[in-house]
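Descriptive structure summary
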Amino acid sequence: MDSAPAVSPAHRPWIVLAAKTVVVLQLLAIVYMFTSIWVAIAVAAAFTLAVFAVRALSRASGKVDQIFEEELHRP
């Protein structure tokens, strides 16, 4: 009897997303408490821009890797 699946945690994407959302909102609340609403909005905009840039670069990197892999395995 294999007990490995019973021991490994189940990956739930919505739990990860919820946890990340809570962390980001708490960080923005801390920034707001120590500064002003405009600084918090600017930090939120910069964070959002950084997240989208990283996602776009990750997709582009994956696509380039896929193209290179296809070209290298061509007969």
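Quick caveat: nothing in here was measured; it's all calculated off a predicted structure.

Another aspect to go through is the packing of helix 2 (residues 13–34) against helix 3 (residues 37–72). Between helix 2 and helix 3, the shortest axis-to-axis distance is 8 Å and the interhelical angle comes to 145°. Note on packing geometry: the crossing formed by helix 2 with helix 3 is right-handed. Here Val24, Leu28, Val31 and Tyr32 of helix 2 lie close against helix 3, whose contacting residues are Ile37, Val39, Ala40, Val43, Ala44 and Phe47. Across the contact of helix 2 with helix 3, the residue classes tally to 10 nonpolar, no polar and no charged.

A few words on a nonpolar patch on the surface. On the surface, Val23, Leu27, Ile30, Tyr32, Met33, Phe34, Ile37, Trp38 and Ile41 cluster together into a nonpolar patch covering about 1000 Å² of accessible area. For the nonpolar patch, the elements supplying multiple residues, two or more each, are helix 2 and helix 3. Residue contributions to the nonpolar patch peak at six residues, all from helix 2. The residue Met33 is located in helix 2 in this model. Taking the relative accessible area as the measure of exposure, Met33 reaches 61% and is therefore exposed.

What counts, and where the lines are drawn
Every chain's residues receive numbers from 1 upward, in the order its sequence appears when written. Side-chain atom pairs in this predicted model are given and counted only at pLDDT of 80 or more, local residue features only at pLDDT of at least 70, and totals for whole chains, interfaces and linings cover all residues. Side-chain measures here rest on the full set of heavy atoms in the structure, leaving out hydrogens and waters. Orientation is described by axes fitted as lines to C-alpha atoms, over the contacting stretch for helices, and by angles from 0 to 180 degrees between their N-to-C directions. Counting from the N terminus, the helices are DSSP H or I runs at least four residues long and the strands are E runs at least two residues long. Two helices crossing with the near one rotated counterclockwise from the far one by less than a right angle form a left-handed crossing, whereas a clockwise rotation gives a right-handed crossing. For this analysis, residues touch if any pair of their heavy atoms sits within 4.5 Å. By the convention adopted, Pro, Cys, Tyr, Trp, Phe, Met, Ile, Leu, Val and Ala count as nonpolar, Lys, Arg, Asp and Glu as charged, and the other residues, Gly among them, as polar. Within this analysis, patches are made of residues with over 30% relative accessible area and no salt bridge. Like charges are joined at 9 Å or less; nonpolar side chains (Val, Leu, Ile, Met, Phe, Trp, Tyr) at 5 Å or less. The protein chains shown are the only cover counted for residues, whose accessible areas, like all others here, come from Shrake-Rupley with a 1.4 Å probe. Whenever Lys or Arg places a side-chain nitrogen within 4 Å of a carboxyl oxygen from Asp or Glu, that contact is recorded as a salt bridge. Residue burial is assigned from relative accessible area. The probe radius is 1.4 Å, only protein chains are included, and a residue is buried under 20% of its type maximum, exposed over 50%, and partly exposed in between.

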